[in-house]
Amino acid sequence: MTDLHRRRARGILAALAATAFLGTATAAAAPGAPTPPTVPRPTAQPRPPVHAVCSSAYRITRTLDGGASWDMCWRYSTDAGLILDRVTYRPPGGAAVRVLTTARLAQIHVPYDDGGAEYDDLTGAGFGWGLQDLKPAECPGGTLSTVKVPEVGQVKGVCATTRARGHAYRMASDSGAGVHQAQAEDLLVYTVNKVGWYEYISEWRFSSDGTIGANVGATGSLSPVDYNATDGRGWPLGKGARGYATSHAHNVFWKLDFGLDGGRDRIEQYDSAVTPPVGDGSPTVKTRRTAVTRELAGDAANMRWWRVVSGTGKNADGHARSYEIVPGRTDTHAGRGFTQHDVYFTESRACEQYASNNIGNCGAGAGDSVDKWVNGETLTKPSVWVNIGFHHIARDEDQQPMPVHWQGFQLAPRDATAMNPLTPSDLASQNGQPPTQS
């Protein structure tokens, strides 16, 4: 661990990590707390070959209402937590589509507004060792899988379950004689990891229409040692009007390696520009496609989006299969180079694992954060990094316990199938321009 890593580590929390994960309470480091001795890092579990078929104990397969199914392998890292491999979607009656080769968290960066503390929860605070033992009630109707966490033991920490999400679609006929509608179901795979007083729910949601959702929910408790925001960088909690709980950010990063259809991908960016109306006319919109051929630090903008396009696979209409990146609400944090951008596309490197405080051992001069890896290389095998920020200004309702606040994004299928994969059979012929009466 370098001096830079130590400065950004969790301070006294890291020193207490071993006892914290055996069930004792821990506190986050107060600003100015002495730096403890470095905690020895347990040996990480070996990484299985991504293209090997995992054993039944590490495989999740689920058929959802309507006939769509998802299949994937899972493994666990004492830094990244839950990792998913070979994520494959099969539409009802159709062929399987490999969507993701690997998907996982890449960092939870937590800088405090007063500059007194800055944490890298995955690589500097023992995120992986904080895996929580879930009770059956926390995985309703699902299956709990056991993880062997080094120096902690056996933890029933991975939940796979299904959950209703309401309408998949609804379409009334023009005549009012009938309604096509279906209720949808999602597969949820999640863990809960405790870091200090916070507990992070790392959730992957797989929908019957091929959509993937990645979310992190923060809950648990506000750190009591941070009730010291007397300089206006906090919010008054409890009696009176003095500022107590220090405001801070949660900058969550995910790393995705697609390999759509098992091949090589390309990245495209789309920007739409609106021209105001002239006279009595209507405004016009023109959309421009830009091929992203070199590494890019991308910034979200109005009417801008990105998609990952399969280099080999096409749907039944002959259109290239792709997945669109759909960011959720985000607070972009300007304090660090790696938090200043919303997406990064980098050439895949085995050592480039974490968006900050990287422990992948990329060598001297390589930099230890994702912004340092965007240096103009041609993208032949792109990795996708998504950054979603949340500026947490505490409120009275955050105590006690703190309600879950979510941040995340979606991966939406775009031309993965020729029609809505849940299309009812009596509408299956309406591919292309539908009839005027339907």
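Above this text is the structure in question.
Since we're looking at a predicted model, the values are computed, not measured.

1. Considering the overall build of the protein chain
Line of reasoning, step 1. Per the secondary structure count, the protein chain includes three helices and 21 strands.
Line of reasoning, step 2. The long-range share in the protein chain, meaning contacts at least 24 apart out of those at least 6 apart in sequence, stands at 62%.
Line of reasoning, step 3. For the protein chain, the exposed surface amounts to about 20100 Å²; the carbon and sulfur share of it is 51%.

2. What about the packing of aromatic side chains?
Line of reasoning, step 1. All told, the structure shown has 11 aromatic pairs when counted by the stated rule.
Line of reasoning, step 2. Considering the side-chain rings of tyrosine 198 and tyrosine 200, the 6.0 Å spacing of their centres and the 10 degrees angle between planes classify their relative orientation as stacked. We note that tyrosine 198, like tyrosine 200, is buried.
Line of reasoning, step 3. Each ring, one from phenylalanine 253 and one from phenylalanine 338, has its centre 6.2 Å from the other, and the planes form 55 degrees; the classification is tilted.

3. So, the pairing of strand S10 (residues 212–220)
Line of reasoning, step 1. Burial runs high along S10: nine of the nine residues are buried.
Line of reasoning, step 2. By the alternation rule, side chains of S10 split into Ile212, Ala214, Val216, Ala218 and Gly220 and Gly213, Asn215, Gly217 and Thr219, which are all buried.
Line of reasoning, step 3. Between strand S9 (residues 198–207) and the antiparallel strand that follows it, S10, lie four residues; glycine 210 among them carries a positive phi value of about 100 degrees.
Line of reasoning, step 4. When S10 meets strand S21 (residues 402–414), the two strands line up antiparallel, connected through eight bridges. The partner of glycine 213 across the bridge, within S21, is glutamine 410.

4. Here's the deal with the side chain of serine 322
Line of reasoning, step 1. Along the polypeptide, serine 322 turns up in strand S18 (residues 320–327).
Line of reasoning, step 2. At a separation of 3.0 Å, a polar atom in the side chain of serine 322 contacts the side chain of arginine 307.
Line of reasoning, step 3. Contacts of serine 322, omitting those with residues within four sequence positions, involve Leu260, Arg307, Val308, Val309, Ala412, Pro413 and Arg414.

5. Comments concerning the sheet that holds strand S7 (residues 153–172)
Line of reasoning, step 1. What the 10 strands build is an open sheet, ordered S6-S7-S8-S9-S10-S21-S18-S17-S14-S15; its pairing is antiparallel. Across the chains shown, the open sheet's two edge strands, defined by having one partner strand only, are strand S6 (143–149) and strand S15 (284–292). Ignoring strand direction, the axes of neighbouring strands in this sheet form an average angle of 25 degrees.
Line of reasoning, step 2. When strand S8 (residues 179–195) meets S9, the two strands line up antiparallel, connected through 10 bridges. Bridge pairing links leucine 187 to phenylalanine 206 in S9.

6. Things to note about the environment of glutamine 410
Line of reasoning, step 1. Locating glutamine 410 in the fold gives a position in strand S21.
Line of reasoning, step 2. Placed 204 residues apart in sequence, glutamine 410 and phenylalanine 206 show a C-alpha to C-alpha distance of 9.8 Å.
Line of reasoning, step 3. In contact with glutamine 410, not counting residues within four places along its chain, are Thr211, Ile212, Gly213, Glu324, Ile325 and Val326.

7. Examining the environment of arginine 288
Line of reasoning, step 1. Position of arginine 288 relative to the elements: it lies in strand S15.
Line of reasoning, step 2. Between the C-alpha atom of arginine 288 and that of glutamine 269, which follows or precedes it by 19 residues, the distance is 8.3 Å.
Line of reasoning, step 3. Contacts of arginine 288, omitting those with residues within four sequence positions, involve Gln269, Tyr270 and Asp271.
Line of reasoning, step 4. Within the local environment of arginine 288, its side chain forms a polar contact with the side chain of threonine 290, the two groups lying 3.1 Å apart.

8. A word on the side chain of histidine 392
Line of reasoning, step 1. Among the structural elements, histidine 392 can be located in strand S20 (residues 382–392).
Line of reasoning, step 2. When its relative accessible area of 2% is taken as the criterion, histidine 392 is described as buried.
Line of reasoning, step 3. A distance of 2.9 Å separates polar atoms of two side chains, one belonging to histidine 392 and the other to aspartate 398.
Line of reasoning, step 4. When sequence neighbours within four positions are dropped, the list of residues in contact with histidine 392 reads Tyr198, Leu222, Ser247, His248, Ala249, His250, Asp398, Met402 and His405.

9. Things to note about the nonpolar core
Line of reasoning, step 1. Formed by 70 residues in total, the largest nonpolar core has its most connected members in Trp70, Val189, Trp204, Phe206 and Leu256.
Line of reasoning, step 2. Discounting residues that sit within four places of it in the chain, leucine 256 has contacts with Leu100, Thr102, Ala103, Trp204, Ser383, Val384, Val386, Phe409 and Leu411.

10. Observations concerning the pattern of salt bridges
Line of reasoning, step 1. What the rule picks out here adds up to 20 salt bridges.
Line of reasoning, step 2. As a salt-bridge pair, lysine 194 and glutamate 199 come within 3.8 Å of each other at their nearest N and O atoms.
Line of reasoning, step 3. On the basis of relative accessible area, glutamate 199 is assigned to the partly exposed category, the value being 23%.
Line of reasoning, step 4. For arginine 205, the salt bridge identified is with glutamate 203, shortest N-O distance 3.5 Å.
Line of reasoning, step 5. Ionic contacts of the salt-bridge type, sharing partners, join the residues Arg165, Asp186, Glu203, Arg205 and Asp209 into one network.

11. Focus on the environment of asparagine 420
Line of reasoning, step 1. Examined against the element boundaries, asparagine 420 turns out to sit in the segment after S21.
Line of reasoning, step 2. Sequence spacing of asparagine 420 and asparagine 431 is 11 residues, and the spatial spacing of their C-alpha atoms is 9.6 Å.
Line of reasoning, step 3. A distance of 2.9 Å separates the side chain of asparagine 420 from the backbone nitrogen of leucine 422, its partner in a polar contact.

12. Some details on unusual backbone geometry
Line of reasoning, step 1. Note the cis peptide between glutamine 399 and glutamine 400, where omega equals 0 degrees.
Line of reasoning, step 2. Residue position: glutamine 400 is located in the loop between S20 and S21.
Line of reasoning, step 3. Omega for the bond connecting glutamine 400 with proline 401 falls within 30 degrees of zero, at 15 degrees, which places this linkage in the cis form.
Line of reasoning, step 4. Turning to its location among the elements, proline 401 is positioned in the loop between S20 and S21.
Line of reasoning, step 5. Here aspartate 261, not a glycine, exhibits a phi torsion of approximately 60 degrees, which is positive.
Line of reasoning, step 6. Inspection of the secondary structure puts aspartate 261 in the loop between strand S13 (248–257) and strand S14 (265–275).
Line of reasoning, step 7. Residue classification places aspartate 261 among the partly exposed residues on the basis of a relative accessible area of 24%.
Line of reasoning, step 8. Phi at aspartate 415 takes a positive value of approximately 70 degrees, unusual for a residue other than glycine.
Line of reasoning, step 9. Within the element layout of this structure, aspartate 415 appears in the segment after S21.

Thresholds applied
- Residues numbered from 1 in each chain as written.
- Predicted model: local features only at pLDDT ≥ 70, side-chain atom pairs only at ≥ 80, totals over all residues.
- Heavy atoms only, no water.
- Helix = DSSP H or I, 4+ residues; strand = E, 2+ residues; numbered from the N terminus.
- Contact = heavy atoms within 4.5 Å.
- Areas by Shrake-Rupley, 256 points an atom, 1.4 Å probe, with all protein chains shown as cover.
- Phe/Tyr/Trp six-rings, centres within 6.5 Å; stacked < 30°, edge-to-face > 60°.
- Buried < 20%, exposed > 50% of the residue type's maximum accessible area, 1.4 Å probe, protein only.
- Pairing = 2+ DSSP bridges.
- Polar contact = N/O pair within 3.5 Å; in protein donor to acceptor, adjacent residues only side chain to side chain.
- Axes fitted to C-alpha atoms, helices over the stretch in contact; angles between N-to-C directions.
- Core = buried A, V, L, I, M, F, W, Y, C linked by side-chain atoms within 4.5 Å.
- Salt bridge = Lys/Arg side-chain N within 4 Å of Asp/Glu carboxyl O.

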